[in-house]
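Each chain is listed here by its residues.
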Amino acid sequence: MSHKANIDLQKVPQHVAIIMDGNGRWAKQQGENRIYGHYEGVNSVRDVVEGAGEVGVKYITLYAFSTENWNRPKEEVDALMELLVSTISAETPALNKKNVRLQAIGNLNSLPVTCLQELNESIDLTSMNTGLTLVLALSYSSKWELINAVKHIANDLKIGNLESDQISEEHIEKYLCTRLIPDPELMIRTSGEHRISNFLLWQLAYAEFYFTDKLWPDFRKEDLFEAILNYQNRERRFGKTSEQLT
Ligand code: FPP
């Protein structure tokens, strides 16, 4: 029986963040080059986004390209950018059909112009959709994001818009890329690695982490449902005791 049938639809995490890892290793296992793995990874993206919508997840954030990924061999970076452009362009009608709104976080101005144009066009074309919001983290890293926020706060202090003893969580959040997005309750990482690799460090403060050995091209909506079920069986205490929760 599908894991989907066992999910309590009243307790679905509203935001799931995913580190899609293992494309390169998957391709190697098939005797192919790394880029083939990224292409296969797109099939997982499609299926998982569909599954998230089916169970009522409101936001799904995918770590598609980190700040550190710019250091990969040029041909891999170029292929990933090309894949992003072609995927975003090809999938926009399907996103509209499924009522999915596309958004992006990261240092988007560092993306190649064609990639940024395609992205902005798709964000625009899907902006009226009211179902799932798909957030692509592109040229993103938490340290970059936090440095950026600190610079804005320093400027607010300098021009007298803020006193240092007024700085609160809200001030920091106001300058994060995710200011309009709720924090993820569930973070999934594929491929057996147990790290968060500079991903949403602030926003994951109270998220539940779910690690699976599956490589990203093998991960499908059924695996997402399994992760959500696992999440639903955890006790989220937010610093309180079990007794306080009941
Ligand atoms: C990590 O696997 C994966 C990436 C750096 C890229 C992820 C991109 C996609 C799945 C395709 C495009 C996505 C969208 C949303 C259009 P890895 O290369 O680090 O694998 P390895 O650890 O096995 O080497």
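Our subject is the structure that appears above.
Only a predicted model underlies this, so the values are computations on that prediction, with no experimental measurement involved.

Turning next to the overall build of the protein chain. Per the secondary structure count, the protein chain includes eight helices and six strands. The N-to-C order of helical and strand elements in the protein chain reads β-α-α-β-α-β-α-β-α-α-β-β-α-α. Against the 2.2 N^0.38 benchmark of 18 Å for 246 residues, the protein chain shows a C-alpha radius of gyration of 19 Å, consistent with a compact globule. Taken over the C-alpha atoms alone, the protein chain extends approximately 55 × 50 × 35 Å along its principal axes. Split into buried and exposed, the 246 residues of the protein chain put 46% on the buried side. Sequence separation of 24 or more characterises 77% of the internal contacts of the protein chain that already satisfy a separation of 6 or more. Here the protein chain displays about 12900 Å² of accessible surface, and carbon together with sulfur accounts for 50% of that area. In the protein chain, which carries 26 positive and 34 negative side-chain charges, the distance between the mean positions of the two groups comes to 1 Å.

A word on the side chain of Asn198. On the secondary structure map, Asn198 appears in the loop between β5 (186-189) and β6 (208-211). A relative accessible area of 14% means that Asn198 is categorised as buried. Polar contacts involving the side chain of Asn198 include one to the side chain of Glu68, which spans 3.0 Å. Not counting residues up to four positions away in its chain, the partners in contact with Asn198 are Tyr63, Glu68, Tyr140, Ser141, Ser142 and Lys143.

For strand β1 (residues 15-19), the buried fraction is high: five of the five residues fall into the buried class. Residues His15, Ala17 and Ile19 line one face of β1 and the alternating positions Val16 and Ile18 line the opposite face, and both faces are buried. Note: β1 against strand β2 (residues 59-66), five bridges, orientation parallel. By the bridge assignment for β2, Val16 is matched with Ile60. With four bridges joining them, β1 and β5 adopt parallel strand pairing. When the sheet's bridge partners are listed, Ala17 is paired in β5 with Met187.

Enumeration according to the criterion identifies 15 salt bridges in this entry. The closest approach of N and O atoms between Glu50 and Lys98, which form a salt bridge, is 3.3 Å. In this pair, Glu50 sits in helix α2 (residues 34-54) while Lys98 sits in the loop between α3 (74-97) and β3 (101-105), placing the two residues 48 residues apart along the sequence. Residue classification places Glu50 among the partly exposed residues on the basis of a relative accessible area of 30%. Overall, Lys98 belongs to the partly exposed group, its relative accessible area being 39%. A salt bridge links Lys214 to Asp223, with the shortest nitrogen-to-oxygen separation between them at 2.9 Å.

Definitions and cut-offs
Residues numbered from 1 in each chain as written. Predicted model: local features only at pLDDT ≥ 70, side-chain atom pairs only at ≥ 80, totals over all residues. Heavy atoms only, no water. Helix = DSSP H or I, 4+ residues; strand = E, 2+ residues; numbered from the N terminus. Rg over C-alpha atoms; globule rule 2.2 N^0.38 Å. Buried < 20%, exposed > 50% of the residue type's maximum accessible area, 1.4 Å probe, protein only. Contact = heavy atoms within 4.5 Å. Areas by Shrake-Rupley, 256 points an atom, 1.4 Å probe, with all protein chains shown as cover. Lys, Arg positive; Asp, Glu negative; His and termini not counted. Charge placed at Lys NZ, Arg CZ, Asp CG, Glu CD. Polar contact = N/O pair within 3.5 Å; in protein donor to acceptor, adjacent residues only side chain to side chain. Pairing = 2+ DSSP bridges. Salt bridge = Lys/Arg side-chain N within 4 Å of Asp/Glu carboxyl O.

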